[in-house]
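Architecture and fold: a report
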Amino acid sequence: QEYLLQTTLTLLIFVGGAMFVSALTCTFMDLKDVNAMNLQRACRKYLMDRNISTTFAKRVKKQLKAQAESGIRGRMEQEMKFLAALPPNLQVELLELARGPVLCKAHFFGKLRATRLGTIRDLCHVAVTPVVTLANEICFHSGTVCRTMRFVETGEFKYSPAVEAP
């Protein structure tokens, strides 16, 4: 009889634990959906309040959807949390190791790395920011003042100087 009681209690604890984990998983999934819906609502409200054209609004929504599907936003947030947990000297070194090879494919930065590694480390830590670009997205227009440089980590960019600003 004691063995039966022990077995029953063990089974109840196991089932209760499984139900708890299941409820916890569902809660986290719901929170993820709520965050995505809040972002969509905020986007829609912003675009409507400012009378943004439907064509441009579609581009914005397409970008947000692509970012959500790729998981890049979550990865970027995780990277920021991970880096914040490290001391500053390790952050700088790690980002140089991760971002430096892409940056230094450009001849100028490759030469700079050979003579001024500290400068490259500072650039990778302070100035280099990952950006997601969609296929067929126009990143800049001919005649627009240059404010950023783009380095392609994966995929391809096509440069077409004939595209004029709208």
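Here, every reference points to the structure presented above.
First, a word on what this report is: a plain description of the structure on this page. Model, not experiment: these values are computed from the prediction.

Another point: a nonpolar patch on the surface. Together, L5, L9 and L12 make up an exposed nonpolar region whose accessible area comes to about 310 Å². The topology assignment puts L5 in helix α1 (residues 2–49). Of the residues examined, L5 reaches a relative accessible area of 53% and is grouped as exposed.

Overall, the coordinates contain four salt bridges when judged by the stated rule. One salt bridge in this structure joins D49 and K45, with 2.7 Å as the shortest N-O distance. Of the two residues, D49 and K45 are both situated in helix α1; the distance of four residues between them amounts to about one turn of the helix. On the basis of relative accessibility, which here comes to 49%, the residue D49 falls in the partly exposed class. Residue E79 pairs with R99 through a salt bridge whose shortest N-O separation is 2.7 Å.

A separate point is the side chain of R99. Mapped onto the elements, R99 comes out in helix α4 (residues 88–103). With near-sequence residues (within four places) excluded, R99 lies in contact with E79, C124, V128 and P130.

Our focus in this paragraph is helix α2 (residues 54–70). With 17 residues, α2 should cover 24 Å at 1.5 Å per step; its first-to-last C-alpha distance of 24 Å lies within 8% of that length. Positive phi shows up at G71, right after α2, with a value of about 80 degrees.

Counting residues in each nonpolar core, the largest one holds six residues, listed as L103, C104, F109, L112, I120 and C124. Those residues in contact with L112 that lie beyond four places of it in its chain are L117, T119 and I120.

Running from amino to carboxyl end, α2 crosses helix α3 (residues 72–84) at an angle of 65 degrees, the nearest separation of the two axes being 5 Å. Contact with α2, carried on its side by L64, Q67, A68 and S70, involves I72, R73 and R75 of α3 and no other residues of that element. The residue makeup of the contact of α2 with α3, split by class, is three nonpolar, two polar and two charged.

What follows covers the packing of aromatic side chains. The full count for this structure, using the stated rule, is two aromatic pairs. Where F108 meets F109, the ring centres are 5.2 Å apart and the plane angle is 80 degrees; that geometry is what we call edge-to-face. Classification of F108 as exposed rests on a relative accessible area of 55%. Exposure remark for F109: the relative accessible area of 10% places this residue in the buried category. Plain terms: the ring middles of F109 and F151 are 5.7 Å apart, the flat faces sit at 70 degrees to each other, and that makes the pair edge-to-face. With F109 in helix α5 (residues 107–115) and F151 in the segment after α6 (117–127), this residue pair connects regions lying 42 residues apart in the sequence. Judged by relative accessible area, F151 falls into the partly exposed class, the value being 31%.

Each value, and the rule that gives it
Positions within a chain are numbered from 1, following the residues in the order the chain's sequence is written. With pLDDT at 70 or above as the cut-off, local features in this predicted model cover only qualifying residues; side-chain atom pairs require 80 or more to be listed or tallied, and sums for whole chains, interfaces and linings still use all residues. The basis for every side-chain value is the complete set of non-hydrogen atoms in the structure, without hydrogens or water. Two joining distances apply to patches: 9 Å for like charges and 5 Å for nonpolar side chains (Val, Leu, Ile, Met, Phe, Trp, Tyr), and every residue must have over 30% relative accessible area and no salt bridge. Residue exposure ignores everything except the shown protein chains as possible cover, and the areas themselves are Shrake-Rupley values with a 1.4 Å probe. Note on definitions: salt bridges are taken to be side-chain nitrogens of Lys or Arg within 4 Å of carboxyl oxygens of Asp or Glu. To qualify as a helix, a DSSP run of H or I must reach at least 4 residues; to qualify as a strand, a run of E must reach at least 2; elements of each kind are numbered from the N terminus. Only protein chains enter the calculation, and the probe is 1.4 Å; a residue is then buried if its accessible area is under 20% of its type maximum, exposed if over 50%, and partly exposed in between. What makes two residues a contact is simply this: any of their non-hydrogen atoms within 4.5 Å. Expected helix span is computed as 1.5 Å times (number of residues minus one). In this description, a nonpolar core means a group of buried Ala, Val, Leu, Ile, Met, Phe, Trp, Tyr and Cys residues linked to one another through side-chain atoms lying within 4.5 Å. Interaxial angle, 0 to 180 degrees, is taken between N-to-C directions of lines fitted to C-alpha atoms, where a helix line uses only the stretch in contact. Residue polarity is assigned by list, with Asp, Glu, Lys and Arg as charged and Ala, Val, Leu, Ile, Met, Phe, Trp, Tyr, Cys and Pro as nonpolar; anything else, Gly included, falls into the polar class. Ring pairs shown here join Phe, Tyr and Trp side chains whose ring centres sit within 6.5 Å, with only the six-membered ring taken for Trp; geometry is labelled stacked below 30 degrees between planes, edge-to-face above 60, and tilted in between.

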